[in-house]
Amino acid sequence: MQLVHPERVIKVDELLLEPILPAHASKLFEALQSPELYMFIPLDPPKAEKDLEERYSRWSKRQSPEHDELWLNYAVYHRKISAYVGTVQATLEESGKTLIAYEVFPEFWRRGIGTSACSALLDHLFNDYGISTVSALMDTRNIASRKLLESLGFRCTGTIPNADEFKGAISDEFSFELTRNGWADRSRRLSQTPGVTEDQHRRGH
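Parameters and conventions
- Residues numbered from 1 in each chain as written.
- Predicted model: local features only at pLDDT ≥ 70, side-chain atom pairs only at ≥ 80, totals over all residues.
- Heavy atoms only, no water.
- Salt bridge = Lys/Arg side-chain N within 4 Å of Asp/Glu carboxyl O.
- Helix = DSSP H or I, 4+ residues; strand = E, 2+ residues; numbered from the N terminus.
- Buried < 20%, exposed > 50% of the residue type's maximum accessible area, 1.4 Å probe, protein only.
- Contact = heavy atoms within 4.5 Å.
- Core = buried A, V, L, I, M, F, W, Y, C linked by side-chain atoms within 4.5 Å.
- Phe/Tyr/Trp six-rings, centres within 6.5 Å; stacked < 30°, edge-to-face > 60°.
- Lys NZ or Arg CZ within 6 Å of the ring centre and 35° of its normal.
- Arc of directions from axis to C-beta.
- 1 Å grid on protein atoms, 1.4 Å probe; cavity = no way out; pocket = protein on both sides within 12 Å on 5 of 7 lines; lining within 4 Å.
- Points joined across faces, edges and corners; volume = space filled by probe spheres on them.
- Nonpolar A, V, L, I, M, F, W, Y, C, P; charged D, E, K, R; others polar.

### Some remarks on the pattern of salt bridges
Turning to step 1, where the next piece is worked out: With the rule as written, the count across this model stands at 5 salt bridges.
Turning to step 2, where the next piece is worked out: Among the salt bridges present, the one from Arg62 reaches Glu7, with a minimum N-O distance of 3.0 Å. Highlighted residues: Arg62 in the loop between helix 2 (49–59) and strand 3 (69–78) and Glu7 in the segment before strand 1 (10–12), separated in sequence by 55 residues.
Turning to step 3, where the next piece is worked out: Residue Arg62 is classed as buried on the basis of its relative accessible area of 3%.

As structure tokens, this is what we get:
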């Protein structure tokens, strides 16, 4: 597997997807303390800025130590409001599987940011990496995340019962997939819908 433009900033609408570097730790640490971000994932907020900086240092290598995974991690910056609003990431496994994940900081929810940022990441994966299928896993209780994936054209492919246990509860997960053809069909439909631009569609979610 070869990295493609790993340090390129991806621009879409009012957003910049900046490849994460250790310097982002000081910019994202406070926002990552929000408990709402961890309701449906088996993680807790970073305990110290130094811990986050060390994590981002590993991520900045853009691949696993064994070189069997590519790590594409981005901090999402909103140019209009001059603030970091979330993160998106993709893991490309040597097996051919590609997984995406995303988080929008709570104060910026319901502004279409997640849809816009994920759309830019998916364009990068399908167009630059030639990925055939992108997958995502999500807690079945996370309704907002499911709506986001469905708005992007993902289809639910199954349920994983008892996938995890955290914060005193059992977590079931949905598995979702989006194919290259499915992404192309979505883009084609949007372009053929009178009076609806891609930007307008994104801002509706």
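### Overview of the side chain of Asn73
Turning to step 1, where the next piece is worked out: With respect to the helices and strands, Asn73 occurs in strand 3.
Turning to step 2, where the next piece is worked out: The exposure class assigned to Asn73 is buried, which follows from its relative accessible area of 5%.
Turning to step 3, where the next piece is worked out: Once residues within four sequence positions are removed from consideration, Asn73 is found in contact with Glu18, Pro19, Ile20, Trp59, Arg62, Val88 and Gln89.

### Considerations on the environment of Leu99
Turning to step 1, where the next piece is worked out: When you line up the elements, Leu99 lands in strand 5 (residues 98–104).
Turning to step 2, where the next piece is worked out: Residue classification places Leu99 among the partly exposed positions, given a relative accessible area of 22%.
Turning to step 3, where the next piece is worked out: Note: C-alpha distance between Leu99 and Ser135 (36 residues apart in sequence) is 4.8 Å.
Turning to step 4, where the next piece is worked out: Setting aside residues no more than four positions away along its own chain, Leu99 makes contact with Gln89, Ala90, Thr91, Glu93, Ser135, Ala136 and Leu137.

### With respect to the nonpolar core
Turning to step 1, where the next piece is worked out: Counting residues in hydrophobic clusters, the biggest one holds 49 residues, and the most contacted among them are Leu17, Ile100, Leu122, Leu125 and Phe154.
Turning to step 2, where the next piece is worked out: In terms of residue count, helix 3 (residues 113–128) provides more of this core than any other element does, 8 residues in total.
Turning to step 3, where the next piece is worked out: Not counting the four nearest positions on each side in its chain, Leu122 is found in contact with Ile100, Val134, Leu152, Phe154, Leu178 and Trp183.

### So, the environment of Cys156
Turning to step 1, where the next piece is worked out: Looking at the element boundaries, Cys156 is found in strand 7 (residues 155–166).
Turning to step 2, where the next piece is worked out: Sequence separation between Cys156 and Phe174 is 18 residues, and the spatial gap between their C-alpha atoms is 6.7 Å.
Turning to step 3, where the next piece is worked out: In contact with Cys156, not counting residues within four places along its chain, are Arg146, Phe174, Ser175 and Phe176.

### Considerations on the packing of aromatic side chains
The geometry of an aromatic ring pair comes down to the distance between the two centres and the angle between the two planes.
Turning to step 1, where the next piece is worked out: As enumerated under the stated definition, the model contains 4 aromatic pairs in all.
Turning to step 2, where the next piece is worked out: On the numbers, 5.4 Å between centres and 35° between planes, the contact of Tyr56 with Trp59 is tilted. Of this pair, Tyr56 and Trp59 both sit in helix 2, separated by 3 residues, roughly a single helical turn.
Turning to step 3, where the next piece is worked out: Aromatic side chains Phe126 and Trp183 sit 6.3 Å apart centroid to centroid with 25° between the ring planes, which places their arrangement in the stacked category. Here Phe126 is found in helix 3, whereas its partner Trp183 is found in helix 5 (residues 180–192), with 57 residues between them in sequence. The two residues Phe126 and Trp183 agree in class, both being buried.
Turning to step 4, where the next piece is worked out: Over the aromatic face of Phe174 sits the side chain of Arg146, whose NZ or CZ is 4.6 Å from the ring centroid.

### Overview of helix 4 (residues 143–151)
Turning to step 1, where the next piece is worked out: Within helix 4, burial applies to Ser145, Leu148, Leu149 and Ser151. Taken end-on, helix 4 shows its buried residues confined to a sector of 160°, consistent with a single buried face.

### A look at empty space enclosed by the protein
Turning to step 1, where the next piece is worked out: A complete count under the given rule lists 1 cavity of 30 Å³ or more for this structure.
Turning to step 2, where the next piece is worked out: Taken as a whole, the largest cavity holds about 40 Å³ of empty space.
Turning to step 3, where the next piece is worked out: Lining the largest cavity are Val76, Val85, Gly86, Thr87, Val88, Tyr102, Glu103, Val104, Ile113, Gly114, Ala117 and Cys118.
Turning to step 4, where the next piece is worked out: At the level of elements, strand 4 (83–93), strand 5 and helix 3 are the ones that each hand at least two residues to the lining of the largest cavity.
Turning to step 5, where the next piece is worked out: Grouping the constituent residues of the lining of the largest cavity by class yields 8 nonpolar, 3 polar and 1 charged.

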